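# Remarks on the overall topology
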Amino acid sequence: MSAHLRVVRKPRSPDPPVGAQPTSAEVLRGLHARNPAAERRLLDAYAGLVERMLFRLLGDIRTLEDLVQDVFARVFSRIDDVREPAALKPFITSVTVFVAREAIRKKRRHRWLAFFASDELPEISASVDPEARQGVRAFYRALETLDPDERLAFTLRIVEGQELAEVAAACNVSVATIKRRLHRAEIAFVERCKKDEVLASWLAEGDRWT
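Conventions and cut-offs
Residues numbered from 1 in each chain as written. Predicted model: local features only at pLDDT ≥ 70, side-chain atom pairs only at ≥ 80, totals over all residues. Heavy atoms only, no water. Core = buried A, V, L, I, M, F, W, Y, C linked by side-chain atoms within 4.5 Å. Buried < 20%, exposed > 50% of the residue type's maximum accessible area, 1.4 Å probe, protein only. Helix = DSSP H or I, 4+ residues; strand = E, 2+ residues; numbered from the N terminus. Salt bridge = Lys/Arg side-chain N within 4 Å of Asp/Glu carboxyl O. Arc of directions from axis to C-beta. Phe/Tyr/Trp six-rings, centres within 6.5 Å; stacked < 30°, edge-to-face > 60°. Contact = heavy atoms within 4.5 Å. Axes fitted to C-alpha atoms, helices over the stretch in contact; angles between N-to-C directions. Parallel < 35°, antiparallel > 145°, perpendicular 65-115°, else oblique. Nonpolar A, V, L, I, M, F, W, Y, C, P; charged D, E, K, R; others polar.

### Topic: the nonpolar core
Leu31, Leu42, Leu54, Phe72 and Leu88 are the most contacted members of the largest nonpolar core, which has 41 residues in total. Tallying contributions element by element places helix α2 (residues 36-58) first for this core, with 11 residues. By size, the runner-up hydrophobic cluster in this structure holds 13 residues, among which are Tyr140, Leu143, Leu146 and Leu203.

### As for the pattern of salt bridges
Under the defined criterion, the tally for this structure stands at 12 salt bridges. Among the salt bridges present, the one from Glu144 reaches Arg151, with a minimum N-O distance of 2.7 Å. Connected through salt bridges with shared partners, the residues Arg52, Arg56 and Glu160 form a single ionic network.

### Description of helix α7 (residues 164-171)
Burial in α7 covers these residues: Val167, Ala168, Ala170 and Cys171. Seen along its axis, α7 keeps its buried residues to an arc of 165°; they face one direction. Directly beyond the C-terminal end of α7, a positive phi value near 60° is found at Asn172.

### Examining the packing of aromatic side chains
Scanning the model with the defined rule gives 5 aromatic pairs in all. Judged by centre distance (6.2 Å) and plane angle (55°), the rings of Phe55 and Tyr140 are tilted. Of the two residues, Phe55 is situated in helix α2 and Tyr140 in helix α5 (residues 130-144); the sequence distance between them amounts to 85 residues. Classification of Phe55 as partly exposed rests on a relative accessible area of 25%. Seen from their ring centres, Phe72 and Phe76 are 6.2 Å apart, and the 35° between their planes marks the pair as tilted. Separated by 4 residues within a single helix, Phe72 and Phe76 lie in helix α3 (residues 64-77), roughly one turn from each other.

### Let's talk about the side chain of Thr96
Locating Thr96 in the fold gives a position in helix α4 (residues 88-109). Contact partners of Thr96, with chain neighbours within four places excluded, come to Val50, Met53, Leu54 and Val71.

### Examining the packing of helix α6 (residues 148-159) against helix α8 (residues 175-194)
Look at α6 against α8: their axes get within 8 Å of each other, and the N-to-C directions meet at 90°. Judged by the inter-axis angle, α6 sits roughly perpendicular to α8. Residues Asp149, Glu150, Ala153, Phe154, Arg157 and Ile158 of α6 form the contact with α8, whose participating residues are Ile178, Arg181, Leu182, Arg184, Ala185, Glu186 and Phe189. Classifying every residue of the contact of α6 with α8 by side-chain character gives 7 nonpolar, no polar and 6 charged.

### Notes on unusual backbone geometry
Even without a glycine there, the phi angle at Arg34 is positive, about 60°. For Arg34, the location among the structural elements is in the loop between α1 (24-32) and α2. Given a relative accessible area of 37%, Arg34 falls into the partly exposed group. The backbone of Asn172 sits at a positive phi, close to 60°, despite the residue not being glycine. Relative to the elements of secondary structure, Asn172 occurs in the loop between α7 and α8. For Asn172, a relative accessible area of 68% corresponds to the exposed category.

Below is the structure:
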């Protein structure tokens, strides 16, 4: 990643004339050539996706900017591994999952286990009603208790809504492995929900895990 490039939210520039947008193949060739313009186009196209995935995987926005930077630094350093334009998005997704996994394991190494202190919970918009905020916080407390690999599979499948094949590709494992991880994750998640007053009520109202 070029030293001067940062993932910064800026007002979107007017769209160029029709036909001026480079094709995916041209962007990929530019990335292989370490062209800063191609890098900027990739950031514009995928920064939002990476931010959303990291937040949903981790439930934490305090380190979000640094983690997004980490994802794209790794993407740009390994871009030569991507030979086909169609492989670009799956590659970015896979790198994002890898960075999220590292972040989860780092938290565990620092013994930030089952519960957050009040100032360590994900920040939630003030526009969300108190009951919903309480539910989101409880949800991420439950996720924190899962095995890191199982948590990633669970979040990609249940929260992101990805297909099994997409989850498997993002985690770089087989579909059969993802199914096993999801099975274990759902069992652990439901058991954790039953022990939480907020989540137990939510669980009883739904029909997925009854």
